[in-house]
Amino acid sequence: MNKVILMGRLTRDPEIRYSQGANQTAIGRFSIAVDRRFKRDGEPDADFFNCTCFGKQAEFIEKYLRKGTKVVLSGRLQNDNYTNKDGQMVYSVRVMVDEVEFAESKNASAGNDGGYSNAGFNGGFGGSSAPASDAGDGFMNLPDGIEEDLPFI
């Protein structure tokens with residue numbers, strides 16, 4: 001089985017090209033930096049992976065992803081080995097991306113705290129008109145007394 005799942009940030013804006021011929025296909029190339037869970041002195045803090053995607057995925061990254069965007073992707077590893085002009089074998093690996101998704105909200109990627117806006121919330125459930133406050137962790141605090149009106153609590 002050849003499957004990889006990575007979460008990291010784009011190190012540069014994606015490069016998009018289109019194949020030649022009757023059925024032009026978008027080809028997207030980008031790289032991501034994945035933080036290492038455990039960091040040792042003198043070692044890098046992140047690993048860098050070159051990624052390639054095709055078709056709708058490539059069009060998606062062209063439209064929505066930029067340098068610094070945090071993404072989760074899944075795909076497979078492929079050897080990208082070649083012999084350079086000096087006759088030496090160069091070994092590398094490329095991630096062939098099957099799926100890519102945002103790993104954080106647009107607000108969080110813009111430097112905000114990642115919370116959700118509560119504009120327009122009027123209580124709704126218990127008749128309370130006090131807006132719910134943001135807990136700062138991406139979840140919304142519910143107003144007091146609302147539990148009795150919610151069927152799933």
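The preceding data block contains the structure.
This one's a predicted model, so the numbers in the text were calculated from it and none came from an experiment.

Remarks on the overall build of the protein chain
For the protein chain, the count of helices and strands is two helices and eight strands. Going from the N terminus to the C terminus, the protein chain shows its helices and strands as β-β-β-β-α-β-β-β-β-α. Counting the 153 residues in the protein chain, one finds 25% classified as buried. In the protein chain, once contacts between residues fewer than 6 apart in sequence are set aside, the share between residues at least 24 apart is 49%. When the accessible surface of the protein chain is split by element, carbon and sulfur atoms take 48% of a total near 11000 Å².

Considering the nonpolar core
By size, the foremost hydrophobic cluster in this structure holds 17 residues, and its most contacted members are Phe 30, Ile 32, Leu 73 and Val 97. Ignoring any residue separated from it by four or fewer positions in sequence, one finds Leu 73 in contact with Val 4, Ile 5, Leu 6, Phe 30, Ile 32, Cys 51, Val 95, Val 97, Glu 99 and Val 100.

As for the environment of Phe 30
Within the fold, Phe 30 resides in strand E3 (residues 26-35). The exposure class of Phe 30 is buried, given its relative accessible area of 1%. Taking the C-alpha atoms as reference, Phe 30 lies 7.7 Å from Thr 11; in sequence the two are 19 residues apart. For Phe 30, the contacting residues outside a window of four places in its chain are Leu 10, Arg 12, Pro 14, Phe 49, Asn 50, Cys 51, Cys 53, Ile 61, Leu 73 and Val 97.

Topic: the packing of aromatic side chains
Taken as a whole and assessed by the stated rule, the structure comprises three aromatic pairs. Summarising the aromatic geometry, the rings of Tyr 64 and Phe 102 are spaced 6.4 Å apart at their centres and angled 80° between planes, so their arrangement reads as edge-to-face. Within this pair, whereas Tyr 64 is found in helix H1 (residues 55-64), its partner Phe 102 is found in strand E8 (residues 93-102), the two being separated by 38 residues in sequence. Residue class for Tyr 64 comes out partly exposed when judged on its relative accessible area of 44%.

As for the pattern of salt bridges
Tallied over the entire structure, the rule returns six salt bridges. Put simply, Lys 56 and Glu 59 hold a salt bridge, and the shortest N to O gap is 3.9 Å. On the criterion of helical spacing, the pair formed by Lys 56 and Glu 59 is a turn pair, its members being three residues apart in helix H1. Overall, Lys 56 belongs to the exposed group, its relative accessible area being 68%. Among the salt bridges present, the one from Asp 80 reaches Arg 94, with a minimum N-O distance of 2.8 Å. One end of the pair, Asp 80, is in the loop between strand E5 (70-79) and strand E6 (82-83); the other, Arg 94, is in strand E8, with 14 residues separating them in the sequence. Shared partners join several salt bridges into a network, and the residues in it are Arg 36, Glu 43 and Asp 47.

Description of H1
Buried within H1 we find Gly 55, Ala 58 and Ile 61. Buried residues of H1, viewed axially, fall in a sector of 130°; they line one side. Facing away from the buried surface of H1 by more than 90 degrees, the exposed residues are Lys 56 and Lys 63.

Describing the environment of Ala 26
The topology assignment puts Ala 26 in strand E3. Classification of Ala 26 by relative accessible area gives buried; the value is 2%. C-alpha separation for the pair Ala 26 and Phe 60, spaced 34 residues apart in sequence, amounts to 10.0 Å.

About the criteria used
Residues numbered from 1 in each chain as written. Predicted model: local features only at pLDDT ≥ 70, side-chain atom pairs only at ≥ 80, totals over all residues. Heavy atoms only, no water. Helix = DSSP H or I, 4+ residues; strand = E, 2+ residues; numbered from the N terminus. Buried < 20%, exposed > 50% of the residue type's maximum accessible area, 1.4 Å probe, protein only. Contact = heavy atoms within 4.5 Å. Areas by Shrake-Rupley, 256 points an atom, 1.4 Å probe, with all protein chains shown as cover. Core = buried A, V, L, I, M, F, W, Y, C linked by side-chain atoms within 4.5 Å. Phe/Tyr/Trp six-rings, centres within 6.5 Å; stacked < 30°, edge-to-face > 60°. Salt bridge = Lys/Arg side-chain N within 4 Å of Asp/Glu carboxyl O. Arc of directions from axis to C-beta.

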